[in-house]
Amino acid sequence: MDNPQNLIKMQVFNLLKFADAFAGIELHLPVDNRFVKLNYSSDQFIEILRKLQQKEVIYVYILHADSHRLMDKIQDSMSAKTFYDPATIVEQKVENTEAALRIVKQVINHLGPDEKSVKLLATVNHRALSILSESPTLHAFFKKFKKNCTEEFMRTMLTNYLMSLVIDKFPWKSDALKEKGALASLLCDMLLEKEDFKIIREFEKTGIGELSERLKQHPIEVAEQLRKKRSLIPGETLTIIELHHETPDGKGFPRGLTASRFNHLACIFILCQRFVEELYEENFNFEKRVEIIERLQAKYSAKSFEKSMSALVSVVNV
Ligand SMILES: [Fe+2]
């Protein structure tokens, strides 16, 4: 029996997106409270995954030791030459990009970040932004791809795209800063499950009730995990992660910090993320952007948010 501590949980659905690229990786399944290694020859890998999916098996487990090989293969598959092949339909590119993100986040969740995982995250972000930049508008992107990806992926990518447009409004703009912001966006909720997002959104919207400690502390927990690899995760990224649920009136969480604690990049990130959140609330009706901006201006009226707010206003043409 394998020690489950050496295994990483992966969604069959995501692995299937890259199945033909990494035949040979060991798959393990929990059976009667123990983990069983699946037997297969290398050319049957995709068939095994398909059969598991047909049997409604959602998760399999892979060895820690295989995770680097897996990320190498996905990195290859996302490489410019393959990814930009005109034969690959754009919906498939969106789906593969999300699957790559979910796989790399699972690896980071278990093992912490390393050079390979951070590089793959940058590739994922780059590919998603390139697809977005080919769409005539954010709304067109949303309409076209909402069936091809999860809501969380859509929100993350739209936030990153908007953030890169807002950063471009400043003389100190740089790709490095955009990447620091994007890394925060990709990782800030890496410990949360689908249901958690609903609970947090409802709490932030209504202010009613209490969040569990796990949900309340997730910005700190994620930052702490990532801080262990300080050389790979920039300080600005960690700051954004810690601040992403704080509000300048001190009513945010987990620390209830006030306006003076927000640096410029964090302000840009928070405003873009909130704008996308509110746009979702409005069923992505871009006509509502004026009202959304007015609501954001009321909530983020602190001086530290001023410049970021005017840049956002000019990007969304209010
Ligand atoms: Fe969060």
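Calculation criteria
Residues numbered from 1 in each chain as written. Predicted model: local features only at pLDDT ≥ 70, side-chain atom pairs only at ≥ 80, totals over all residues. Heavy atoms only, no water. Pairing = 2+ DSSP bridges. Helix = DSSP H or I, 4+ residues; strand = E, 2+ residues; numbered from the N terminus. Axes fitted to C-alpha atoms, helices over the stretch in contact; angles between N-to-C directions. Parallel < 35°, antiparallel > 145°, perpendicular 65-115°, else oblique. Left-handed = near helix turned anticlockwise from the far one by under 90°. Contact = heavy atoms within 4.5 Å. Donors = N, O, S within 2.8 Å, 3.2 Å for Na, K, Ca; no water. Tetrahedral: all angles 85-135°; square planar, octahedral: opposite > 155°, others 65-115°.

Draft legend 1. Spatial organisation of the pairing of strand β2 (residues 27-31). Relative to strand β4 (residues 59-63), β2 runs antiparallel, the two sharing two bridges. The residue bridging leucine 27 from the neighbouring strand is isoleucine 62, located in β4. As paired elements, β2 and strand β3 (residues 34-37) share four bridges and run antiparallel to each other. From the neighbouring strand, leucine 29 faces β3, where its bridge partner is valine 36.

Draft legend 2. Representation of the packing of helix α8 (residues 151-167) against helix α9 (residues 175-187) in the model. The contact between α8 and α9 brings their axes to 10 Å, and the two run at 160°. With respect to each other, α8 and α9 are oriented roughly antiparallel. Seen from above, α8 lies across α9 with right-handed handedness. Across from Thr156, Met157, Thr159, Asn160, Met163, Ser164 and Ile167 in α8, the residues of α9 making contact are Leu177, Lys178, Gly181, Ala182, Ser185 and Leu186.

Draft legend 3. The arrangement of the coordination of the iron ion in detail. The iron ion binds to the protein through Asp189 (OD), His218 (NE2), His244 (NE2) and His245 (NE2); the donor distances cover 2.0 to 2.2 Å. Coordination geometry of the iron ion: the four donor atoms subtend angles of 87 to 171° at the metal centre, consistent with an arrangement described as irregular. For the iron ion, the donor residues sit on a single chain with the sequence spacing D-x28-H-x25-H-H. Here aspartate 189, found in the loop between α9 and α10 (194-206), pairs with histidine 218, found in helix α12 (residues 218-227); they are 29 residues apart in sequence, far enough to count as distant.

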